[in-house]
Amino acid sequence: MNAMKDEGVLSLSLVAGIVLAAGMGTRMRSRLVKVLHPLGGRPMLTYPIEALRRAGVSRVIVVVGHQADKVRAQLGDAVEYAYQAEQLGTAHAVLQARERLEDFQGTVVITYGDTPLYRAETYRRFIAGHRESGAAASILATVVSDPRGYGRIVRTPGGDFHSVVEQKDITSPEVEAIREINTGTYCFEAQELFAALQHVHAANNQGEYYLPDALSWLRASGKPVRIDVLDDPVEALGINDRRQLAEAEAVLRARTLARLMEQGVTIVDPQSTYVHPDVEVGPDTVIYPFTSLEGATRVGPHCSIGPNVRLVDVKVGAGASIQASVAVQSVIDDGAVVGPFAHLTPGSHARAEASRRPRTP
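These numbers come from a predicted model, not from an experiment.

(A) Summary view of the side chain of Q84. If you trace the backbone, Q84 turns up in the loop between β7 (80-83) and α3 (90-95). Exposure remark for Q84: the relative accessible area of 3% places this residue in the buried category. In this structure the side chain of Q84 is engaged in a polar contact, spanning 3.2 Å, whose partner is the backbone oxygen of E86. Filtering out sequence-adjacent residues up to four positions away, Q84 remains in contact with A22, V63, V64, G65, G89, H92, A93 and Q96.

Here it is, written out as structure tokens:
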């Protein structure tokens, strides 16, 4: 395997990513395509793309369909695109990227645009394990307490991969009882992938071309197919409706608050504190309840923020004190005191006042 570590990021040569993002997402009950719904202050589709980049995947192809122009406008030239005019299944979606990868000879990692909780290290470990194994393909599995709605991974008596059975195609109680599920994330060697896709048929209850059937064809052809088990099933949470969107938001918020506390920030009540993943806060700052820090907000050290504060894209200097106030796209100087009941509109600049001192946390 040609790999090297650089500042904690595993740089992998000859690895491309495909992110499936063509579906509308009807269960969201929205006119906006699902992958553009905001999560942590930005479209959910940006999270798997960012995680793949941080894992060392420099080339990412996004398969678009519904509202393709809106997706392109959001992502710009940061990725490549393939277009799926009809949503005929996951295998059909991946096949639309074939032209982009016509001369590609390496590994292809495939994931969904509506699974935003994967950590970069999960992708990195999965890709590295696949490449080291020499398998033609790898599938990322996980074990859940309630597998209803998910494709079940069926193993051979020896414990190897046999097939994936989708929920609507289950006909036996034995398969129904399996708790090991398909997360929808895969690694393929490019030549094996596109050869296998030619043998996928829509002979199932949904009339779709299933990508896992490419794995079954490879196995039947004598090619090794590897199963990698993800320890934390929360990472594989897919967003299909507003309830799952809220669940993902809670996971991201918990991760962000944990990171800040590890960096020396005091969060008085994590249950009532809302911080977007891209926010940065300096050490020895205290964040009081009912505070929301959003967008690209930057807060310096030794600040007192809250209670009842909302900051959106605000730069806060060291030692500032803010309570019961709202600020949007503003600058708050070192040592400045804001509030209570202040409203800083975009472009505002709150300067330090010598006669007022920040309250001591």
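Here the narrative resumes.
(B) Focus on the packing of helix α1 (residues 46-54) against helix α4 (residues 120-133). Axis separation between α1 and α4 bottoms out at 8 Å; the angle between their running directions is 55 degrees. Relative to α4, the element α1 is oriented oblique. Once α1 is placed against α4, the crossing between them reads as right-handed. Mapping the contact onto sequence places P48, A51, L52 and R54 in α1 and A120, Y123 and R124 in α4. In the contact of α1 with α4, the residues fall into 5 nonpolar, no polar and 2 charged.

(C) Seen up close, the packing of aromatic side chains. Under the defined criterion, the tally for this structure stands at 2 aromatic pairs. With centroids separated by 5.1 Å and ring planes inclined at 40 degrees, the aromatic side chains of Y118 and Y123 adopt a geometry described as tilted. The pair formed by Y118 and Y123 is uniform in burial state, with each residue classed as buried. Here the guanidinium or amino end of R42 rests over the ring plane of Y47, the centre of that ring lying 4.0 Å away.

(D) Looking closely at the layout of surface pockets. Of the volumes computed, that of the largest pocket is approximately 1,600 Å³. As for the largest pocket, its lining consists of 48 residues, of which R27, K34, Y112, D114 and N240 are closest to the centre. Listed by contribution, the elements that provide at least two residues to the lining of the largest pocket are β3 (15-21), α3, β12 (180-189) and α8 (242-262). Per element, the largest residue contribution to the lining of the largest pocket is 5 residues, and it comes from β12.

(E) The sheet that holds strand β23 (residues 321-322), seen in detail. Taken in spatial order, the 5 strands of this open sheet run β14-β17-β20-β23-β26, and their pairing is parallel. Of all the strands in the sheet, the pair left with one neighbour each is β14 (266-267) and β26 (337-338).

(F) View of unusual backbone geometry. Of note, the amide linkage connecting G306 to P307 takes the cis form, showing an omega dihedral of 0 degrees. Locating P307 in the fold gives a position in the loop between β20 (304-305) and β21 (309-312). Following G339, the chain continues to P340 via a peptide bond in cis, the omega torsion being 10 degrees. Among the secondary structure elements, P340 is positioned in the loop between β26 and β27 (343-344). The phi dihedral of D284 falls on the positive side, at around 65 degrees, and the residue is not glycine. Structurally, the position occupied by D284 is in the loop between β16 (280-281) and β17 (286-287). A positive phi angle is found at D313, which is not glycine, with a value near 55 degrees.

(G) Molecular detail of the sheet that holds strand β15 (residues 273-275). Strand order in the open sheet formed by 5 strands is β15-β18-β21-β24-β27, and the pairing between neighbours is parallel. In this open sheet, the two strands that pair with only one neighbour each are β15 and β27.

(H) Here's a closer look at the pattern of salt bridges. Scanning the model with the defined rule gives 14 salt bridges in all. In this structure, the salt-bridge partner of E180 is R155, at a minimum N-O distance of 2.8 Å. Note that E180 is positioned in strand β12 and R155 in strand β10 (residues 152-155), a separation of 25 residues in sequence. With a relative accessible area of 12%, E180 lands in the buried category. The exposure class assigned to R155 is partly exposed, which follows from its relative accessible area of 34%. In this structure, R243 engages E247 in a salt bridge whose closest nitrogen and oxygen atoms are separated by 2.7 Å. Here R243 pairs with E247, and both are found in helix α8, just 4 residues apart, close to one helical turn. When salt bridges with common partners are traced through the structure, they connect R42, E50 and D278 into a single cluster.

(I) Geometry of the nonpolar core. Formed by 36 residues in total, the largest nonpolar core has its most connected members in I18, I110, F188, L193, L197 and L211. The element that contributes the greatest number of residues to this core is helix α6 (residues 190-197), accounting for 5 residues. With near-sequence residues (within four places) excluded, F188 lies in contact with G106, T107, V108, I110, H130, A136, A137, L193, L211, A214, L215 and L218.

(J) Region of the structure containing helix α2 (residues 68-75). Residues of α2 that are buried include every one of A68, V71 and L75, and no others. Around the axis of α2, the buried residues are gathered within 65 degrees of arc, so they sit on the same side. The exposed set on the far side of α2, more than 90 degrees from its buried face, consists of D69 and A73. Residues of α2 that are buried in the fold lie against α1, β6 (59-64) and β7. Positioned one or two residues after α2, G76 has a phi angle of 65 degrees, which is positive.

Rules and cut-offs
Residues numbered from 1 in each chain as written. Predicted model: local features only at pLDDT ≥ 70, side-chain atom pairs only at ≥ 80, totals over all residues. Heavy atoms only, no water. Helix = DSSP H or I, 4+ residues; strand = E, 2+ residues; numbered from the N terminus. Buried < 20%, exposed > 50% of the residue type's maximum accessible area, 1.4 Å probe, protein only. Polar contact = N/O pair within 3.5 Å; in protein donor to acceptor, adjacent residues only side chain to side chain. Contact = heavy atoms within 4.5 Å. Axes fitted to C-alpha atoms, helices over the stretch in contact; angles between N-to-C directions. Parallel < 35°, antiparallel > 145°, perpendicular 65-115°, else oblique. Left-handed = near helix turned anticlockwise from the far one by under 90°. Nonpolar A, V, L, I, M, F, W, Y, C, P; charged D, E, K, R; others polar. Phe/Tyr/Trp six-rings, centres within 6.5 Å; stacked < 30°, edge-to-face > 60°. Lys NZ or Arg CZ within 6 Å of the ring centre and 35° of its normal. 1 Å grid on protein atoms, 1.4 Å probe; cavity = no way out; pocket = protein on both sides within 12 Å on 5 of 7 lines; lining within 4 Å. Points joined across faces, edges and corners; volume = space filled by probe spheres on them. Pairing = 2+ DSSP bridges. Salt bridge = Lys/Arg side-chain N within 4 Å of Asp/Glu carboxyl O. Core = buried A, V, L, I, M, F, W, Y, C linked by side-chain atoms within 4.5 Å. Arc of directions from axis to C-beta.

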